[in-house]
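Each chain, written out:
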Amino acid sequence: MLYAIGAKVRLRYTGETGAVTKVLGEDLLEVRLNDGQGTEIPAFIEDLELDVGAMADVPGAKVVPGKQPPKKEAPPRREIKSQYVVLKPKGLQLCFEPMPGKDGTVSRFKLWLVNDTGHDFLIDFILWVGDTRLIDTEDLCGGMRAIELGDIRSDDLNDLPEADLEVRRITTAGHDPVLHRVLKIKPKQFFNRIQTVPILNQQAYNFVMLDRFEPRPENEAAKEDLRDYTRQRLGNRPRRNTSPNSNSKQYKPFDIEAFSTFVPEIDLHAETLIPGYQRLDKGEILRLQLQHCTRFLDQAVRLGVHHVFLIHGIGEGKLRDAIKNMLRNRPEVVRYKNEYHPKYGYGATEVTLR
């Protein structure tokens, strides 16, 4: 079926009705729900039912009779398993495989995550090109394997792509703490990285993202200097706004005690934060809630906390929307989502920080 802007639709799984307002992609539409609040959500075409009776009043709307065309499924992500053991493993490596065209020129690269160790990892990977999330994937990367992440154009290298990798090693005792690494890819350095990559067994541009996974003994951690300890806990995250003319605050070095006692959630309900909130108008209450939220995020960034929850409840959604607008303008926010959570339901926004 073909959906015109304004087409009346129903969500298959929730029964909610609405109208199409925008085409977001080949199989993705934006739908404004008939909930009285004008809520707009993205929805896949396969999850929508067309209200044929209502289409008569929609100019330009077309209904194609018969069966829907077969759904285009994304090709499965490739995985290569090594047939041998790497004697000197390098760790988790980000590899750019050149993909030459018919004329031999390379206009794009195939991006792989290579794990030449014997460990299994849960990975969360994002490749930023400017402000665009070009690749965003969560997956399991088994030992002695290479998994395909996606493609990147040669031209994108001029925009200084940034790779953001979080991993948790899987052990018999459960999951290790999260390890994090951010890598800025510069064209001048990129083209000096060509080598034969293990498991792929072909030439590619190679970057080692993480090479240490074992928790350090307490006595060793006590002896290492603060810079090394911070690297171990936070990864080599790039500094931002560190020029002499920067207006950003210069925070003190990593506070271990504060990090260990930090609670990664904040309840933003007015009755929790503001004594005597009943005497204030709604605008003043919202301003104070956002002020508390900003201070909480500043502290999380200062301590190197990567995941926090902002509890705003459901209500009319004004606080949730105001928080969403604020998060869009914070450069240290990698992503945020307001999805169902076993603990918070739909009443909290989960935020991932650099």
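This report concerns the structure included in the present document.

Cut-offs applied
Residues numbered from 1 in each chain as written. Predicted model: local features only at pLDDT ≥ 70, side-chain atom pairs only at ≥ 80, totals over all residues. Heavy atoms only, no water. Core = buried A, V, L, I, M, F, W, Y, C linked by side-chain atoms within 4.5 Å. Buried < 20%, exposed > 50% of the residue type's maximum accessible area, 1.4 Å probe, protein only. Helix = DSSP H or I, 4+ residues; strand = E, 2+ residues; numbered from the N terminus. Contact = heavy atoms within 4.5 Å. Salt bridge = Lys/Arg side-chain N within 4 Å of Asp/Glu carboxyl O.

## Focus on the nonpolar core
The biggest cluster of nonpolar side chains holds 28 residues, and the ones touching the most others in it are Leu94, Phe96, Ile123, Phe125, Leu149 and Leu165. At the level of elements, strand E7 (92-100), strand E8 (106-115), strand E9 (120-129), strand E10 (132-141), strand E11 (145-153), strand E12 (162-171), strand E14 (179-184) and strand E16 (202-210) are the ones that each hand at least two residues to this core. Residues in contact with Phe125, not counting those within four places in the same chain, are Leu94, Leu111, Ile135, Asp136, Thr137, Leu149, Ala163, Asp164 and Leu165. Within the second largest apolar cluster, 23 residues are counted, among which are Phe262, Ile266, Leu273 and Leu327.

## Notes on the pattern of salt bridges
Close approach of charged atoms allows side chains of opposite charge to pair. Inspection of every chain in the model, using the stated rule, returns 16 salt bridges. Here Arg133 and Asp136 are joined by a salt bridge, their closest N and O atoms 3.1 Å apart. Judged by its relative accessible area of 36%, Arg133 is partly exposed. For the salt bridge of Arg330 with Glu332, the shortest nitrogen-to-oxygen distance reads 2.5 Å. Exposure class is identical for Arg330 and Glu332. Each is buried. A single salt-bridge network, built from bridges that share partners, covers Arg78, Arg108, Lys110, Glu148 and Asp151.

Keep in mind these values describe shape, not function.
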